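# Observations on chain architecture
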Amino acid sequence: MSEYDVIVIGGGPAGYPCAIRAGQHKLKVACIDEWRNKDGSYAFGGTCLNAGCIPSKVMLESSELVHRAQHEFAVHGIKVGKIDVDLAAMQKRRAQIVKQSTLGIAALLKGAGVTALQGHGKLLSGNRVEFTGKDGKQEILSARHVVLAAGSQPTPLKSLPFDGKRIVDSWGALEFDQVPVRLGVIGAGVIGLELGSVWRRLGSEVVVLEALDSFLPMTDGAVSKEALKHFKKLGLDIRLGAKVGGAQQSAQGITLQYTDAKGEQSVIVDKVVVAIGRRPYSQDLFEEGSGVRLDERGCVEVDDECRTGAPGIWAVGDLVRGPMLAHKGKEEGVMVADLIAGKVAEVNYKTIPSVIYSTPEIAWVGRTEEEVKRSGRPYKVGSFPFMASGRARAMEAGVGFCKLISARDDDEILGVHIIGPMAGELIAEAVLALEYSASTEDLQRTMHAHPTLSEALHEAALSADKIAIDFP
Ligand code: NAI
């Protein structure tokens, strides 16, 4: 029986950083991963690298370029004629970038001295792990510590089961080989909006059916209002309060049936992306008696330090409570490796940034104005529109704003919400400010290079005390 200090089950964005950090601590580590691509090949990196964060950003970038060439180049005085999209070439680039990234993970694991095992891992009692390799051979491994990092999978809609061709999940929707004429998206969450934007820009008519009456309810109210305006401008037909109940397939397409305030409705599309959420992937991950428990939502139960309660068994990433975000999983994985090595480590769950990679981008950290209002703590708000930023206008991206909410009593920054160009990059400064418990005055006194988009946060901080320079 092979013995390790640490076995990590799952080589996605939570698992592989855990294995690498444990390797950096000179522990004997194995990382098991069973991800299979559609051609049957194995790959490290999990959903994020193979089928989520990375390939979706590739497609968002390519489709955004098409959109800009069609709608923006002329404003700059650039004449390009008719734009042709070679979807096969675009998809080839996506596949190459993904492959490069996943090979990179395998190299990083090797560099950290981690034994990379491709196949299925299952936690048994007594800190043992059953490993089933590519060839079907089983081996029992043991470890002082086992970290479960098996991730999540798309939640299916009972009335509209995935068929991999016309009714697809987010992975399938990244790999269409033709631009759908009419695309239905179920769920106006992050996945639905990102993928809906990609195919809209490439020419699809996109209808997004969202069960809730509110749009992006997790975002600050002003941001969600602004975001809806931009998604509509892009041409997404977003129908709120529309709960999809069933579908019928025919030669004409797929008829999606939904109910809204007016009653029964339907819409015909050619392809459907079901993006109604993701659920933890714990199938065949541990045996009864291993001491691991699931909560009512199917998450592995853990404490703040990702301990499951069973001695030496930890769980991180999408498998456990909290937002399903790669960077949150990464920090948990690294924390667990550090704790195993006897170091001090923690994850600050109050400063997790969120980003929606739309155009304009949406990013936030901390609390929304609505949450702060509900808390009863007196607060002040500062904001700055990108229209007043010379750099944003030069980029033909003077849309959206940066909004900062801080406490009136001690000036603490409570939340930052950005909708605008490069919001996902700009939010990093706000995350650092919250991490260091910065005051609004700290941000006000920090020099920002001119002309940059980052000045928006500076001006928003000044605006909270009504001393902004570049906007009244
Ligand atoms: P989500 O939970 O964000 O959104 C799903 C939406 O579907 C909800 O608004 C829900 O009301 C709606 N819905 C559910 N059933 C419905 C029905 N029958 N008819 C109509 N609407 C229905 O889930 P999503 O977008 O699938 O994403 C899954 C996870 O992946 C999330 O945790 C998300 O944060 C994460 N993710 C994050 C990304 C990022 O950070 N940029 C990108 C992609 C995913």
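Think of each chain on its own: its residues are numbered from 1, step by step along the sequence as written. Local features are withheld for residues below a pLDDT of 70 in this predicted model, meaning they are given only at 70 or higher, and side-chain atom pairs are given and counted only at 80 or more; totals for whole chains, interfaces and linings count all residues. As a rule here, side-chain values cover all heavy atoms of the structure and leave hydrogens and water aside.

### A few points about the packing of aromatic side chains
Ring pairs shown here join Phe, Tyr and Trp side chains whose ring centres sit within 6.5 Å, with only the six-membered ring taken for Trp; geometry is labelled stacked below 30 degrees between planes, edge-to-face above 60, and tilted in between. Using the criterion set out here, one finds 4 aromatic pairs in the structure. Ring plane angle 55° and centroid distance 5.3 Å describe the contact between Phe176 and Trp199, whose orientation is recorded as tilted. Of this pair, Phe176 sits in the loop between helix 5 (170–174) and strand 8 (182–186) while Trp199 sits in helix 6 (residues 190–201), and the two are 23 residues apart along the sequence. For the pair formed by Phe176 and Trp199, the shared burial category is buried. Secondary structure counts use DSSP, requiring at least four H or I residues in a row for a helix and at least two E residues in a row for a strand, with both numbered from the N terminus. Think of it in three bands: with a 1.4 Å probe and only protein chains considered, a residue is buried below 20% of the maximum accessible area for its type, exposed above 50%, and partly exposed in between.

### Some details on the nonpolar core
In plain words, nonpolar cores are sets of buried Ala, Val, Leu, Ile, Met, Phe, Trp, Tyr and Cys residues tied together by side-chain atoms within 4.5 Å. Ranked by size, the top nonpolar core spans 34 residues in total, and within it Leu193, Trp199, Phe215, Phe231, Ile238 and Ile362 carry the most contacts. Of all the secondary-structure elements, those providing two or more residues to this core are helix 3 (53–71), helix 4 (87–111), helix 5, strand 8, helix 6, strand 9 (205–209), helix 7 (221–234) and strand 18 (361–366). If near-sequence neighbours (up to four positions away) are discounted, Phe215 is found in contact with Ala188, Leu193, Ser224, Ala227, Leu228, Phe231, Ile238 and Leu240. With 30 residues, the next largest nonpolar core counts Ile20, Leu49, Met335 and Val347 among its residues. Every residue pair with non-hydrogen atoms within 4.5 Å of one another is taken to be in contact.

### Looking at empty space enclosed by the protein
Points on a 1 Å grid, built from protein atoms alone, make a cavity when a 1.4 Å probe fits but cannot get out and make a pocket when they are open with protein on both sides within 12 Å along at least 5 of 7 lines; residues with an atom within 4 Å of a point are the lining residues. Grid points are joined across faces, edges and corners, and a volume is the space filled by probe spheres set on the points. Under the criterion given, the structure shown has 2 cavities of 30 Å³ or more. The calculated volume of the largest cavity comes to roughly 50 Å³. Here the second largest cavity is characterised by a volume of approximately 30 Å³. What lines the second largest cavity is simply Ala227, His230, Phe231, Ser358, Thr359, Pro360, Ile362 and Ile419. Here the lining of the second largest cavity gets 3 residues from one element, more than from any other, and that element is helix 7. Gly counts as polar in this scheme, as do all residues outside two lists: the nonpolar Ala, Val, Leu, Ile, Met, Phe, Trp, Tyr, Cys and Pro, and the charged Asp, Glu, Lys and Arg. Grouping the amino acids of the lining of the second largest cavity by side-chain chemistry returns 5 nonpolar, 3 polar and no charged.

### Quick notes on the sheet that holds strand 18
Strands sit in the order 17-18-21-20-19 across an open sheet of 5 strands; the sheet is antiparallel. The open sheet terminates on both sides in strands that have one partner only, identified here as strand 17 (354–356) and strand 19 (379–385). This sheet shows a mean twist of 10° between the axes of neighbouring strands, independent of strand direction. Pairing of strand 20 (residues 401–407) with strand 21 (residues 413–420) involves 6 bridges; the strand directions are antiparallel. Residue pairing across strands places Phe401 opposite Ile419, the latter belonging to strand 21. Every axis corresponds to a line fitted to the C-alpha atoms, with the helix fit spanning only the stretch in contact, and the corresponding angles, defined between N-to-C directions, vary from 0 to 180 degrees. Strand contacts of helix 13 (residues 455–464): strand 19, strand 20 and strand 21, with the helix running at about 140° to strand 19, the strand carrying the most contacts. Note on pairing: two strands pair once DSSP finds at least 2 bridges between them.

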